[in-house]
Amino acid sequence: MLNRLIAKSLMTIVPEKVRATVTLMPDSLSPTTVQVFNAWLKPMSVKLAAYGALNLQGDETLLKVSDSELNPAGNGREIRARDRIVVGTTTYVVLAATLKTVRTVWECVVRKEMV
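Note that the structure is a prediction, hence the values are computed from the model and not measured.

What counts as what
- One numbering rule holds for all chains: residues counted from 1, following each sequence as written.
- Reporting in this predicted model follows two pLDDT cut-offs: at least 70 for local features of residues, and 80 or more for side-chain atom pairs to be given and counted; totals over whole chains, interfaces and linings ignore these cut-offs and use all residues.
- Note: side-chain values were computed over all heavy atoms of the structure, leaving out hydrogens and water.
- Residues belong to one nonpolar core when they are buried, are Ala, Val, Leu, Ile, Met, Phe, Trp, Tyr or Cys, and are joined through side-chain atoms within 4.5 Å.
- Think of it in three bands: with a 1.4 Å probe and only protein chains considered, a residue is buried below 20% of the maximum accessible area for its type, exposed above 50%, and partly exposed in between.
- What makes two residues a contact is simply this: any of their non-hydrogen atoms within 4.5 Å.
- Labels follow the DSSP assignment, with helices taken as runs of H or I lasting at least four residues and strands as runs of E lasting at least two, numbered in each case from the N terminus.
- Here a polar contact is taken to be a pair of N or O atoms separated by no more than 3.5 Å, where protein atoms must pair a possible hydrogen donor with a possible acceptor and residues adjacent in sequence count only if both atoms sit in side chains.

Visitor: I tried to follow the nonpolar core on my own but got confused; where do I start?
Guide: One broad trend across soluble globular proteins is that nonpolar side chains are buried collectively. Counting residues in each nonpolar core, the largest one holds 17 residues, and the members touching the most others are Val-22, Leu-63, Val-65, Leu-70, Ile-79, Ile-85 and Cys-108. Setting aside anything within four residues of it in sequence, one finds Leu-63 in contact with Ala-39, Trp-40, Leu-41, Ile-85, Val-87, Tyr-92, Trp-106, Glu-107, Cys-108 and Val-110.

See below:
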């Protein structure tokens, strides 16, 4: 059975971790920005037409963010649709986000922001 401790230790073996800036767009006027140092991108299967209730167009990517980095002090922050995640010079718009892996990882379906 997978528990939080095992899930966190497995995250140390994830390849190609990237630094990201997560901008949470709450219902209030002031967004919250969080620096994350161990996010990772995961390609989506091109065979998928839908991911949960989200219809896919084919240019989406999965971006995973550790909940312990998003909420280092148990802040209760959540990643939601419309939030922005910047990796390097690329800005991604969150289409959907779910807390997965025994509530340790935010799995975000993202698309590059068109400027």
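Now that the structure has been shown, the text picks up again.
Visitor: What's the story with the environment of Asp-59 in this structure? I'm lost.
Guide: For Asp-59, the location among the structural elements is in the loop between β4 (54-55) and β5 (61-66). The partly exposed category is assigned to Asp-59, whose relative accessible area is 40%. As for Asp-59 and Val-110, which are separated by 51 residues in sequence, their C-alpha atoms are 8.8 Å apart. The residues contacting Asp-59, other than those within four sequence positions of it, are Val-110 and Arg-111. A polar atom in the side chain of Asp-59 sits 3.0 Å from the side chain of Arg-111.

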